[in-house]
Structures are given as structure tokens and as C-alpha cells.
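As a plain string of letters, each chain reads:
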Amino acid sequence: MEWSDSADIESFARRGRRREGVSGTRIEEGSGHARLNTDKMQAVPPKVKIEKPEEQETFENKERHFEFCGHQLQITQHLKTLGIPAVVWPSGVALCRYFDKVRMDFSGKKIIELGSGTGLVGILATLLGGEVTLTDLPEVLHQVEDNVLKNVPSALGQRAQVCALEWGRDEGKFPSDYDVVLGSDLIYHPRHFQSLIDTLLHVSSPHTIIYLSSNVSAIMGGLGFHQEIVPKYFNSEILDEITAKEIRIFKLTKKYNAN
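Residues take numbers from 1 onward in each chain, read along the sequence in its written order. Given that the model is predicted, a residue must reach a pLDDT of at least 70 before its local features are reported, and side-chain atom pairs must reach 80 or more before they are shown or counted; all residues, however, enter totals for whole chains, interfaces and linings. Excluding hydrogens and water, the side-chain values take into account all heavy atoms of the structure.

**Q** In this structure, what is going on with the packing of helix 3 (residues 90-101) against helix 4 (residues 120-127)? I would like to understand it.
**A** The geometry of a pair of packed helices is captured by two quantities: the angle between their axes and the separation between those axes. Between N-to-C directions, angles cover 0 to 180 degrees, with each direction set by a line fitted to C-alpha atoms, over the stretch in contact for helices. Numbered from the N terminus, helices here are DSSP runs of H or I no shorter than four residues, and strands are runs of E no shorter than two. Where helix 3 contacts helix 4, the axes come no closer than 9 Å and their chain directions differ by 20 degrees. One finds that helix 3 runs roughly parallel with respect to helix 4. Pair helix 3 / helix 4 crosses with right-handed handedness. On helix 4, the residues that touch Gly92, Val93, Leu95, Cys96 and Phe99 of helix 3 are Leu120, Val121 and Leu124. Across the contact of helix 3 with helix 4, the residue classes tally to 7 nonpolar, 1 polar and no charged. Working definition: roughly parallel below 35 degrees, roughly antiparallel above 145 degrees, roughly perpendicular at 65 to 115 degrees, and oblique for all remaining angles. A clockwise turn of the near helix away from the far one marks a right-handed crossing, whereas an anticlockwise turn of less than a right angle marks a left-handed crossing. Working rule for contacts: check all heavy atoms of both residues, and any pair within 4.5 Å makes them a contact. Throughout, the ten residues Ala, Val, Leu, Ile, Met, Phe, Trp, Tyr, Cys and Pro are labelled nonpolar, Asp, Glu, Lys and Arg are labelled charged, and all others, Gly among them, are labelled polar.

As C-alpha cells, then:
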């Protein structure tokens, strides 16, 4: 896939952001939770900003190389077949950098990652000792599996499981006792907010730690999600922030009365 200029990239991102079920799914009625009123919440697809060459999140490159916590990762982006879910977004990179900064150790932790995409965050969590279930829509799983095989040594392969999970629909197939829930770049349109909340509520207990790395620009809806919706169900604190990219890393814990 070749891009002639930034307008091509912006058009690609806009089309992908409008797709149903890129990382979430439609809102299901009758889940038993209070429904979110998102009628007045608007999300406009963001412009893709061309960054400095050394920091650029490119669409052209299939292979991305990273080093976090002493682990070198090679991530393949299946851009031609998947489009937007194949992009390594800055929020995911920011979460990995945070784990590196705090020297995170997930040894013995039961972890689920929502909207894995390329699998970058979940793979790092596996290498940091976690028992990780990486999830996304069925059509994205081949990309996740490919990157798991490339980056997780065979001796550790049993610690990384790849499963389909459509928010608001499939979460009942998964346990509710995860120690850690991971998610990056999950907030991009109000129509997915309720299904994401339903899924987070199901896979967590009051003892679960949820790490969300989100773009909180107003046009993405992230600010409203974290300021207005999340506090109804979760305790929340900001762990880190990249102001220039409008990215914040949140730590959430489920409220005891949240249902």
C-alpha cells in the first residue's frame, strides 16, 4: 500500500474509524446494566498528524521494531488485509513505555487484553511474566497470532492465548476474575461506549487492576468517556500523560456496587 500524501493517510484513517467493530461492537440491549445516553456525544474522526521521522507512526511499513523492558519486539502490521486494526497506535506504544518506566512485573498474574490489534501490549505483558489472553474480533486474530509466534518463545507459548471477543456480546464466555485488564486506543466513538463498559464490568472484580491508555482529545470522545462515564462504575486515576499526543494512561478499579 502506497500513500501519495497526508491526505491519503487521513482518508484511510477516517474510513477505518467509521467501520463497525474495529475494536468494539454494537450496543446490545438487555445486558442488565444502566444504559449510557450517548445521543448527545459526538465523535469526529481525527486528522492523522505527521510526526517527526523518528517518532512517526507510519502506515507504509509492515514491520515495526520496538524495545521495552529489555525485550526486542518485531510487530507485523497486516495493513492490506485489515487496515486500521493493523496500525500500531501511539496509545499502545505509550502503555508499553509506561511498563518499561515502572519496571512492571506481571509474574503470576492472570491478564486479558481487549482490542489487541497487533498484540503489542499483550505480548509484552506475556514476556513480563503474565498469563495473557489476547482478544479482538475474529478477522483480526490471524495478525495477533502471527505476532505472538514471532515474539513469544515457544517455551512460554502456553502463557499467551488468542481468542475472539466482541464487546457486549462475547464477554460472558470469559472469566470474571482477571488480575489485570489491558486496553489501548479503545475509545474512539460513543456507539461503542456501552459495550466496552459491559465488557470491562464482566471481566473485572473490585480486586482487578485495569490499565487503559487512551487518546483523550475531545473529537475522539475519550475525554467524555473518562470524565463522565467511567466514574459511574470505576475508581480512576491518571498514571502518566503524554501531553503532545493527548494520551493519558489510566488505572481503574471496579466499584463494589458497580453492576
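Past the structure itself, the notes keep going.
**Q** Explanation requested: the pairing of strand 8 (residues 234-242) in the structure shown.
**A** Every other side chain in a regular strand lies on the same face of the sheet, so the side chains alternate between the two faces. With 8 bridges joining them, strand 8 and strand 9 (residues 247-254) adopt antiparallel strand pairing. Note that in strand 9 the partner of Glu237 across the bridge is Lys251. By this definition, two strands are paired if DSSP reports at least two bridges between them. Hairpin connection of strand 8 to strand 9: 4 residues between the antiparallel strands, including Glu246 at a positive phi of 55 degrees.

**Q** Looking at this model, I keep getting lost on the pairing of strand 3 (residues 110-114). Mind explaining?
**A** Burial classes follow relative accessibility: with a 1.4 Å probe on protein chains only, a residue under 20% of its type's maximum area counts as buried, one over 50% as exposed, and anything between as partly exposed. Of all 5 residues in strand 3, 4 are buried; the element is thus mostly enclosed. In this sheet, strand 4 (residues 131-136) lies alongside strand 3 in parallel orientation, the contact comprising 4 bridges. Across the sheet, the residue bridging to Lys110 is Glu131, located in strand 4. For crossovers, right-handed means that the path from the first strand over the helix to the second runs clockwise, given strands pointing away from the viewer. Of the crossover connections in this fold, the one passing from strand 3 over helix 4 to the parallel strand 4 is right-handed. In the sheet, strand 3 pairs with strand 6 (residues 180-184) via 4 bridges, with the strands oriented parallel. Bridge pairing in strand 6 links Glu113 to Leu182.

**Q** How should I be thinking about the sheet that holds strand 3 in this particular structure?
**A** Paired through their backbone hydrogen bonds, the strands of a sheet run either parallel or antiparallel. If you trace the 7 strands from one edge of the open sheet to the other, you get 5-4-3-6-7-9-8, paired in mixed fashion. Two strands in the sheet have a free side with no partner beyond their single neighbour: strand 5 (160-164) and strand 8. Averaged over all adjacent pairs, the angle separating strand axes in this sheet is 20 degrees, with direction ignored. Two strands pair when backbone bridges link them, and strand 7 (residues 209-215) and strand 9 are joined in this way by 6 bridges, in the antiparallel orientation.

**Q** Where do I start with the pattern of salt bridges in this structure?
**A** Two side chains carrying opposite charge are able to pair once their charged atoms lie near each other. Here, a salt bridge means any Lys or Arg side-chain nitrogen found within 4 Å of an Asp or Glu carboxyl oxygen. For the coordinates displayed, the defined rule picks out 7 salt bridges. Its salt-bridge partner being Asp177, residue Lys110 comes within 2.8 Å of it at the nearest N-O pair. On the criterion of sequence distance, the pair formed by Lys110 in strand 3 and Asp177 in the loop between strand 5 and strand 6 is long-range, its members being 67 residues apart. Where Arg169 meets Glu166, a salt bridge forms, and the shortest distance between an N and an O atom there is 3.9 Å. Linked through salt bridges whose partners overlap, the residues forming this network are Glu63, Asp146 and Lys150.

**Q** What exactly am I supposed to notice about the packing of aromatic side chains here?
**A** Note on aromatic pairs: each is described by the distance of the centres and the angle between the planes. Each pair of aromatic rings taken from Phe, Tyr and Trp, with Trp reduced to its six-membered ring, is defined by centres within 6.5 Å and is described as stacked if the planes are under 30 degrees apart, edge-to-face if over 60, and tilted in the remaining cases. Inspection of the entire model under this criterion finds 5 aromatic pairs. Consider the rings of Phe99 and Phe106, whose centres lie 5.2 Å apart with planes at 90 degrees: the pair is edge-to-face. For Phe99, a relative accessible area of 0% puts it in the buried group. Among the residues examined, Phe106 registers a relative accessible area of 2% and is labelled buried. Residues Phe99 and Tyr211 carry aromatic rings whose centres are separated by 5.6 Å and whose planes lie at 85 degrees to one another, so their mutual orientation is edge-to-face.

**Q** What is the right way to read helix 3 from this model?
**A** Expected span of a helix, by definition, is 1.5 Å for each gap between consecutive residues, and there is one gap fewer than residues. In a regular helix each residue adds 1.5 Å, so 12 residues correspond to 16 Å; helix 3 covers 16 Å between its end C-alpha atoms and thus fits that length. For helix 3, the tally of buried residues reaches 9 of 12 residues, placing the bulk of the element in the interior. Burial in helix 3 covers these residues: Pro90, Ser91, Gly92, Val93, Ala94, Leu95, Cys96, Tyr98 and Phe99. In this structure, the buried residues of helix 3 make contact with strand 1 (63-68), helix 4, strand 6, strand 7, strand 8 and strand 9.

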